[in-house]
Amino acid sequence: MTFFERYFAALDGPDPHSSLELVADDVEFSIQWAAGSDRASRQFVGGLEELRAFIDAGDMREWAHHVLFGGTAGDVEFALGETRYDDGGERIGTFLAVAQLDADGRMHRYMVARSPAIAFESGVRIDAGTD
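Residues numbered from 1 in each chain as written. Predicted model: local features only at pLDDT ≥ 70, side-chain atom pairs only at ≥ 80, totals over all residues. Heavy atoms only, no water.

Asks: Please explain the overall build of the protein as it appears in this structure.
Replies: Summing up its helical and strand segments, the protein has two helices and six strands in all. Of all 131 residues assigned to the protein, the portion counted as buried reaches 35%. Counting contacts in the protein only where the partners sit at least 6 residues apart, residues at least 24 apart contribute 47% of the total. Accessible area of the protein: about 7800 Å², with a carbon and sulfur share of 50%. In the protein, the 11 positive side-chain charges and the 24 negative ones have mean positions that sit 4 Å from each other. (Helix = DSSP H or I, 4+ residues; strand = E, 2+ residues; numbered from the N terminus. Buried < 20%, exposed > 50% of the residue type's maximum accessible area, 1.4 Å probe, protein only. Contact = heavy atoms within 4.5 Å. Areas by Shrake-Rupley, 256 points an atom, 1.4 Å probe, with all protein chains shown as cover. Lys, Arg positive; Asp, Glu negative; His and termini not counted. Charge placed at Lys NZ, Arg CZ, Asp CG, Glu CD.)

Shown next as structure tokens:
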């Protein structure tokens, strides 16, 4: 199981804060969030406490993250995925996430962008590269 599969499974599970066990104490992150297909988006940045607050503010009931493709290059992991409603599996948005992991395998740097404006065909193979 990849880092992002574990992270999103914890984030989408019954205790979203358990995902923070996979996050380093000195994490830095940027979340780019677009709610619609217009040009408007919002950025959330910070450290561990701001990530905790982002989890607290989110209403993650009735939907989950689904990793479609991923790759690893050294200590960096990439994931392309979708957020989907639990009931029927309708796509809410597409996300691209990247994390740099520390020596303990915890997320040290995190950047993710999410938008409903574009979807990737599931038959497309995306190669993130190799070491």
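Asks: I would appreciate a short explanation of the pairing of strand S1 (residues 23-33) in the present structure.
Replies: Consecutive side chains of a regular strand alternate in pointing toward one face of the sheet and then the other. Pairing geometry for S1 and strand S6 (residues 107-115), over seven bridges, is parallel. In the sheet register, isoleucine 31 faces S6, and the bridge partner there is valine 112. (Pairing = 2+ DSSP bridges.)

Asks: Would you mind showing me how to read helix H1 (residues 3-12) here?
Replies: Residue pairs three or four apart in sequence face the same way in an α-helix, which turns once every 3.6 residues. Those residues of H1 that fall on the buried side of the exposure criterion are Phe3, Phe4, Tyr7, Phe8, Ala10 and Leu11. Looking down the long axis of H1, one finds its buried residues gathered within 160° of arc, a one-sided arrangement. Contact partners of the buried residues in H1: S1, helix H2 (48-57), strand S3 (63-73), strand S4 (76-85), strand S5 (91-101) and S6. (Arc of directions from axis to C-beta.)

Asks: Is there a simple way to think about the environment of leucine 11 in this case?
Replies: Position of leucine 11 among the secondary structure elements: in helix H1. Sequence separation between leucine 11 and isoleucine 55 is 44 residues; the distance between their C-alpha atoms is 8.2 Å. Each residue touching leucine 11, except ones within four places of it in the same chain, is listed here: Pro16, Ser19, Ile55, Met60 and His65.

Asks: How should the packing of aromatic side chains be read in this particular structure?
Replies: In this description, an aromatic ring pair is defined by two values, namely the gap between the centres and the angle between the planes. Using the criterion set out here, one finds nine aromatic pairs in the structure. A connected cluster of aromatic rings, assembled from ring pairs, spans Phe3, Phe4, Tyr7, Phe8, Phe95 and Tyr110. Directly above the ring of tryptophan 33 sits arginine 114, whose terminal nitrogen or CZ lies 4.5 Å from the centroid. (Phe/Tyr/Trp six-rings, centres within 6.5 Å; stacked < 30°, edge-to-face > 60°. Lys NZ or Arg CZ within 6 Å of the ring centre and 35° of its normal.)

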